[in-house]
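# Residue-level structure breakdown
Single-letter residue listing:
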Amino acid sequence: MTSRALVIGVGEYDDDADIIGYPTIEASAHAYGAALAQDPRWGAAARSSVLEPHEVRTADGVMRALEEAAAAGEGPEDTLLVVYVGHGAFWTDVPGGQVHLAVGSSRSNKPWTWLSAWYVYRAIRQSKAGLKVLIADCCYSNVLPSLGPDSALPGALGTPFRGTCVLTAVGGEVTDAWASSCDNLPPPLNACTPFSGHLLNVLEYGMPDHPDDLTLGALRAGIVEGMRRCGAGVHRTPRMLLNDASEVAPLFTNRMKGEQTGASDPGTADEWVRDLLLNGVRDLSRLMSRPDIAGRVVAELRRGDELSRDLAGQVDRQAVGKLSGPGDFVKYWVEAEPVKRRAVTDDQRAE
């Protein structure tokens, strides 16, 4: 196994850069390194590294390390994980309108001193690892595209191998990711950025009601739930983009695996939504026996991000074959279809 993890944290800049440095960025990078070293999926069987200040000072230093990590992946059992914590910027008058990531020598409003996400994507997409994951904790991460062939980045910038995931600190129309710490997190995670702190909190304490290792879907669900319980009121909702990578693909060890207390099967629509986000779409015969609840589940998922909407589509396709008769389909349609119709209407208006 030749899985690799690379953590890029850029929190210090030159005095004349006019860019604010945050100690939470470097604290987050080191916390990722510690979590990976303690994780049996990474510490024992794979190499992980946190780039040093001299390595993150220039785009060349970052890309040399990234290309080395990407080249290590050899097959479908391998994973390439890249974590970036720092400043992100977006200039619409730069060719391609792509997100740029700060390095130590970057300067405010000087795009040529930043690292274009095009080059990061190119290196990741050339990896032969079966799963390639980019975690981006920065402003404007909400406009990062998919790593896959549907990406706005042309194929000439890297072979669009399958099995990719982009998890970002912000989603929707929100562009700014908070860099100040979340005081409600336990130490030392209360010294990290809010997104990374809550992600690392899931890794530290695990999910007792999730029977397996932390999958992509479970990780995102755990972050969202932790932020809701936190009550800080300023947290952003993370975004996840998958391309031929399943939401049930494992990424980290669940430290509470096997310690669940035998939670009952989902009953309400909210419980089904959570179960689907955690565990993906399986046999939904039991859900389809309650077509009204199934419709509410689809309606709720359609209100979410790309991952949630994809799950809604999978449930909707199963409904066609599993609903037992016209009466059940009507009950399902009444709950699910209004949101679907509104989504189509909105798309038509946008055109």
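Please read these numbers as outputs of a predicted model, since none were measured by experiment.

What counts, and at which threshold
Residue numbers run consecutively from 1 along every chain, following the written order of its sequence. Note on the predicted model: pLDDT of at least 70 is required for a residue's local features to be given, and 80 or more for side-chain atom pairs to be given and counted; whole-chain, interface and lining totals, by contrast, use all residues. Only hydrogens and water are removed before side-chain values are computed, so all heavy atoms of the structure are retained for them. A helix here means a DSSP run of H or I that spans at least four residues, while a strand means a run of E at least two residues long, and both kinds are numbered starting from the N terminus. Here, expected helix span is obtained from the residue count minus one, scaled by 1.5 Å. Note on exposure labels: buried denotes an accessible area under 20% of the residue type's maximum, exposed denotes more than 50%, and partly exposed covers the range between, all computed with a 1.4 Å probe on protein chains only. Points on a 1 Å grid, built from protein atoms alone, make a cavity when a 1.4 Å probe fits but cannot get out and make a pocket when they are open with protein on both sides within 12 Å along at least 5 of 7 lines; residues with an atom within 4 Å of a point are the lining residues. Grid points are joined across faces, edges and corners, and a volume is the space filled by probe spheres set on the points. Note on residue categories: nonpolar means Ala, Val, Leu, Ile, Met, Phe, Trp, Tyr, Cys or Pro, charged means Asp, Glu, Lys or Arg, and polar means any other residue, Gly included. We call two residues contacting when some pair of their heavy atoms lies within 4.5 Å. Side-chain rings of Phe, Tyr and Trp (the six-membered ring for Trp) are treated as a pair once their centres are within 6.5 Å; stacked means planes under 30 degrees apart, edge-to-face means over 60, and tilted covers the remaining angles.

### Brief notes about helix 1 (residues 23-38)
For helix 1, spanning 16 residues, the distance from its first C-alpha to its last is 23 Å, which sits close to the expected 22 Å at 1.5 Å a residue. Residues of helix 1 that are buried: T24, I25, S28, A29, A31, Y32, G33 and L36.

### Some thoughts on helix 10 (residues 306-322)
Look at helix 10: 24 Å from first C-alpha to last across 17 residues, which is about the 24 Å you get at 1.5 Å a residue. For helix 10, every residue scored as buried is listed here: L307, S308, L311, A312, G313, V315, D316 and A319.

### A closer look at empty space enclosed by the protein
Rolling a probe over the atoms, with the probe sized like a water molecule, indicates the empty space that remains. Taken as a whole and judged by the stated rule, the model has 3 cavities of 30 Å³ or more. Forming the boundary of the largest cavity are D137, A169, V170, A177, W178, P194, F195, M227, H235 and R236. Each residue belonging to the lining of the largest cavity can be placed in one class, and the counts come to 7 nonpolar, 1 polar and 2 charged. Its boundaries defined by the atoms lining it, the second largest cavity holds a volume of some 50 Å³. Lining the second largest cavity are I8, V62, V82, Y84, L101, A102, V103, L115, V120 and L134. Of the residues assigned to the lining of the second largest cavity, the class counts are 10 nonpolar, no polar and no charged.

### Structural notes on the side chain of S308
One can find S308 in helix 10. What makes S308 buried here is its relative accessible area of 6%. Beyond its immediate chain neighbours, meaning those up to four positions away, S308 contacts L277 and L301.

### Focus on the packing of aromatic side chains
Per the stated rule, a full pass over the model turns up 3 aromatic pairs. Between W91 and W114 the ring centres are 5.5 Å apart and the planes differ by 85°, which places this aromatic pair in the edge-to-face class. Placement of the pair is W91 in the loop between strand 4 (88-90) and strand 5 (99-101) and W114 in the loop between strand 5 and strand 6 (115-116), with a sequence separation of 23 residues. Of the two residues, W91 and W114, neither departs from the other in class, the shared state being buried. Residues F329 and Y332 carry aromatic rings whose centres are separated by 6.2 Å and whose planes lie at 40° to one another, so their mutual orientation is tilted. Placement of both F329 and Y332 in helix 11 (residues 326-350) is noted, with a separation of 3 residues, approximately one turn of the helix. Residue class for F329 comes out partly exposed when judged on its relative accessible area of 38%. With relative accessibility at 3%, the residue Y332 sits in the buried group.

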